[in-house]
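# Summary of the model geometry
One letter stands for each residue in the lines below.
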Amino acid sequence: MSKTIELDIGGMTCAACVGRVERGLKKVEGVQDATVNLATERATVTFDPAVAAVPTLIQKVQDTGYEARTARTELSVTGMTCAACAVRVERALRKVDGVTDVTVNLATERASVDALSSVGVGQLKAAIREAGYDVLDTGAGAARADAERAAREQEVHEMRRAVTVSAAFAVPLLLLAMLPMLWPALDMWLMERVGMQTLNVVMLLLALPVQFGPGRRFLRTGWAALRHRSPDMNSLVMIGTLAAFGYSTLVTLAPGLFPAGSAHVYFEASAVVITLILLGKYFEAVAKGRTSEAMKTLLALQPATATVIRHGAEVEVPVDDVVTGDLIRVRPGGKLPVDGTVESGESWVDESMITGESVPVAKSAGAAVVGGTLNGNGTLTFRATRVGSDTALAQIIRLVETAQGSKPPIQGLADRVVAVFVPIVLVIAALTFATWLLLGGSDALGQALIHTVAVLIIACPCAMGLATPTSVMVGTGRAATLGVLFRSGTALEALGRVDVALVDKTGTLTVGHPELTDLHVESGFERSDVLRVIAGAEANSEHPIARAIVDAAGKEGLEIPAAADFQAQPGLGLDATVEGQRIQIGADRYMTQLGLDITHFAAQAARLGDEGKSPLYAAIDGALAAVIAVADPVKDGSAEAVRALHALGLKVAMVTGDNERTAQAIARTLGIDTVHAGVLPGGKSDVVTALQASGARVAFVGDGINDAPALASADVGVAIGTGTDVAVETADVILMAGDLRGVPNAVALSRATLRNIRVNLFWAFAYNVLLIPVAAGVLSAWNVNLSPVLAAAAMGLSSVFVLTNALRLRSFRAPLAAQTRTDRTSGVSRPELAA
């Protein structure tokens, strides 16, 4: 059968483009016809779905040089209980014409669907509902989070009520069934006074409300799954409990059908199994709510209202009503509602909730501020520059949500197993039943039933479905609190496997612009006077070295005098008159030409040379006054970061366009292993490729400005942000604090998350591999059996174990944790990152 779809094509400008796209599509095997309309920018393609697929058509359009537009839709799915449910929802969505990719996350209960623009949300919802699940109608952002939180709270409430009702009947039923076995005198008394038949009827009346009350959820969803030929956990519980309940009901109502001595009832097995599974699901729902705490914290950062100055008066408006250009006032202790630029006022702002950097940042006129951060002791008035979904906080939330909803490669193993797991369990259960029926002796039917039910219950794949996504969810949430943003689960996994951290120098290891680093004055001169007059001489120059000297004088509060008779000395330096004094600044050869002896500064010059700095000299009225060095200084924390990376077992390499001597000097200072110097910006990706060719897995760390090719070609691209720049498209990992110390923190967290996932997967798989044979009765000869009741308890505990283990990541401690120091300039105790 042929199928016809419409592709939304971008980038076409003329009839030649139309012809090119049409020819490209018609070359795809299985395509029967392709018509492209330039006016509507749509391609109508008829193809054989057995030969061609939608992703192939999209790829062909892209290969032709155009864009086949797709859209991503996020849907909150309700009713999923295990990994098989997630697989089933994925399969149902993939069958919708025009869907190109689907990811369903059991932990977040969310489906991410990439589809052609012609695919409506209604079609996706219908596919999910047809598969036996439902879709929660939500808005976007905070509205969606509120709706999901309300749905989860409702789920916890319903599960608690179901457990209470179920236990109210199951507990007396269990006592009625088990106490006579443990207390023979009670058994004899019941047989004499009540009788077996009456006792069985009482147990039937107790089991009936459990089976078709709280247990109805398993019957409804389990049958729907079987009807769609994709059995899941609910199917296993349904078959197991119905078998025990149905068999026991027959024994109660028609005992003559069974051989003497074999007419046992197992009402307590079905009722207690349902109760224990519901109890496990209740604990699971509570724990799953805790895994999203980091996201709740992020969503709570933005205040609900903002104080806006309109027509000269302060007006409090909902934050959603703030528009770009609004003037906003934030008082001490208040949260900044949106991103902006300070117009007036001075204050310290705590940006730790956004960047992970615990040092409060001084803000004054012209400074950028970020929505969601906490104002300190002053009042700030700022102009809104980014609002709504454009704010840094909104982008962070989107990135975290995307990462939490994505699958790391390690999840592939679990997905492949789960796809065939439940059918295999059904086969094992059938074999168990047949084997015990043949070899079980006088009570063969009862033994076959009990062991089969135990197999069905113990094999529920809940833990498998939760093993990876819960760890990713908690890990990425914890990362966000540390100022580390992972774009995907793949990035989270890959960073933990890297061998080499290749770090760009300028802007990453260093500040990124020259600063005055050294000023040594000759005896008889005052440092402040020398700095003031040489800044005056340099004030008219736009050279980076001149700007660094002038900025240093400004930071020290010096008044910079005007210069006269300014003359540049090509290749040597400059000559100017400042306050009647002749100022001459330049290299050693300029001083030699002037007849000045610089040997007095030989020790300082040698040290500066070893540090990769080029010394300059200043003469005032013909007398040597000072030696100066301007350089791009190393950032605070770079040395700590390199040490921490070494402690994690990584090699650290540096790539820079600087000369070999300067690069080696910085490498010695920081303890860097390998240096690649004299590399042009376009050659950084070649260094990455060369390291990869040697067998290394490389993380490239750059500032994201000129490093896009290297970030893209590395195994993991890590971009150091600025607190507001979170949309570095080519980076896999973004460090919000603009600080290299985030790299070892991110690597350590990645490794901790991977370890957590491995433990979860091992537990989930080992639990089933070890206990299914026990449940089937393989060890019965040694009197080792697993009753359905114990199987249900173990199944519930396995899911709770996986969730609890994932939650341990919330207490992850970064290698470079926060501690406190005394600020040198203000004497105020402020926190900072330190090893």
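Look above for the structure.
### A look at the overall build of the protein
For the protein, the count of helices and strands is 28 helices and 31 strands. Across its three principal directions, the C-alpha atoms of the protein cover 125 × 75 × 65 Å. Pairs at least 24 residues apart make up 68% of the contacts formed inside the protein by residues separated by at least 6 positions. Side chains of the protein carry 70 positive and 81 negative charges; the gap between the two charge centres is 7 Å.

### Topic: the pairing of strand β6 (residues 110–116)
In terms of residue burial, β6 counts as a mostly covered element, since seven of its seven residues are buried. Sheet topology note: the strand β4 (residues 67–78)/β6 ladder contains seven bridges and is antiparallel. When the sheet's bridge partners are listed, threonine 70 is paired in β6 with leucine 116. Where strand β5 (residues 99–105) meets β6, six bridges bridge the pair, whose relative direction is antiparallel. Looking at β6, one finds that aspartate 101 is bridged to aspartate 114.

### Some details on the environment of glutamine 197
Inspection of the secondary structure assignment puts glutamine 197 in helix α7 (residues 196–212). Given the relative accessible area of 38%, glutamine 197 is considered partly exposed. Each C-alpha atom, one on glutamine 197 and one on proline 255, is 8.8 Å from the other, the two residues being 58 residues apart in sequence. Those residues in contact with glutamine 197, other than ones at most four positions away along the chain, are Thr252 and Pro255. Of the polar contacts made by the side chain of glutamine 197, one reaches the backbone oxygen of threonine 252; its length is 2.4 Å.

### A closer look at the side chain of glutamate 351
With respect to the element layout, glutamate 351 can be found in the loop between β12 (347–350) and α12 (352–355). Side chain to side chain, glutamate 351 and lysine 363 meet in a polar contact 3.1 Å long.

### Focus on the nonpolar core
One finds Leu7 and Leu495 to be the most contacted residues of the largest nonpolar core, which totals 164 residues. Considering every element that reaches this core, the biggest residue donor is helix α27 (residues 742–776), with 15 residues. When neighbours within four sequence positions are excluded, leucine 495 is seen to be in contact with Phe486, Ala699, Val716, Val718, Val733, Ala746, Val747 and Ser750. In this structure, Val370, Ala710, Leu711 and Met736 belong to the second largest nonpolar core, which totals 32 residues.

### Regarding the packing of helix α15 (residues 444–458) against α27
Between α15 and α27, the least distance of the axes is 8 Å, while the angle of their chain directions is 170 degrees. It follows from the interaxial angle that α15 and α27 lie roughly antiparallel. The hand of the α15/α27 crossing is right-handed. Residue-level inspection shows His451, Ala454, Val455 and Ile458 of α15 in contact with α27, the latter providing Tyr767, Asn768, Leu771, Ile772, Ala775 and Ala776. Here the residues of the contact of α15 with α27 are counted per class, giving eight nonpolar, two polar and no charged.

### Considerations on helix α24 (residues 660–670)
Given 3.6 residues per turn, any residue in an α-helix points the same way as the ones three and four places further on. Buried within α24 are the following residues: Thr662, Ala663, Ala665, Ile666, Ala667 and Leu670. Where α24 is buried, its residues contact α18 (505–509), α22 (602–610), α23 (638–647), β25 (651–655) and β26 (674–676). Backbone geometry just after α24 places glycine 671 at a positive phi near 80 degrees.

### Description of the pattern of salt bridges
Evaluated as defined, the whole model comprises 23 salt bridges. The shortest N-O distance in the salt bridge between aspartate 326 and arginine 310 comes to 2.7 Å. Of this pair, aspartate 326 sits in the loop between β9 (313–318) and β10 (327–330) while arginine 310 sits in strand β8 (residues 305–310), and the two are 16 residues apart along the sequence. Its relative accessible area of 29% is what places arginine 310 among the partly exposed residues. Residues participating in the shared-partner salt-bridge network are Asp8, Glu41 and Arg69.

### Topic: the side chain of arginine 88
Secondary-structure assignment places arginine 88 in helix α3 (residues 83–94). Here the side chain of arginine 88 touches tyrosine 133 through a polar contact of 3.2 Å, side chain to side chain. If we ignore the near neighbours within four places in the chain, the residues touching arginine 88 are Ala131, Gly132, Tyr133, Thr221, Ala224, Ala225, His228, Ser230 and Asp232.

What counts and what doesn't
- Each chain carries its own residue numbering, running from 1 in the direction its sequence is written.
- Only residues with pLDDT of at least 70 are given local features in this predicted model, and only at 80 or more are side-chain atom pairs given and counted; all residues enter the totals for whole chains, interfaces and linings.
- Just so you know, side-chain values use all the structure's heavy atoms and leave hydrogens and water out.
- The secondary structure listing takes helices from DSSP runs of H or I that are at least 4 residues long and strands from runs of E that are at least 2 residues long, numbered from the N terminus.
- Here a residue-residue contact requires only that any non-hydrogen atoms of the pair lie within 4.5 Å.
- Only four residue types enter the charge count, namely Lys and Arg as positive and Asp and Glu as negative; His and the chain termini do not.
- A charged residue contributes its charge at one atom only: NZ of Lys, CZ of Arg, CG of Asp or CD of Glu.
- Only protein chains enter the calculation, and the probe is 1.4 Å; a residue is then buried if its accessible area is under 20% of its type maximum, exposed if over 50%, and partly exposed in between.
- At least two DSSP bridges between two strands are needed for those strands to be called paired.
- Pairs of N or O atoms are called polar contacts if they sit within 3.5 Å, as long as, within protein, a hydrogen donor faces a hydrogen acceptor (for residues adjacent in sequence, only side-chain-to-side-chain pairs).
- What makes a nonpolar core is a set of buried Ala, Val, Leu, Ile, Met, Phe, Trp, Tyr and Cys residues whose side-chain atoms join them at distances within 4.5 Å.
- Convention adopted: a line fitted to C-alpha atoms gives each axis, helices being fitted over their contacting stretch, and angles between N-to-C directions are expressed from 0 to 180 degrees.
- Here is the rule for angles: anything less than 35 degrees is roughly parallel, anything more than 145 is roughly antiparallel, 65 through 115 is roughly perpendicular, and the remaining ranges are oblique.
- Left-handed is the label given to a crossing in which the near helix is rotated counterclockwise from the far helix by less than a right angle, and right-handed is the label when the rotation is clockwise.
- Polar here means any residue outside two lists: the nonpolar Ala, Val, Leu, Ile, Met, Phe, Trp, Tyr, Cys and Pro, and the charged Asp, Glu, Lys and Arg; Gly therefore counts as polar.
- Counted as salt bridges are all cases of a side-chain nitrogen of Lys or Arg within 4 Å of a carboxyl oxygen of Asp or Glu.

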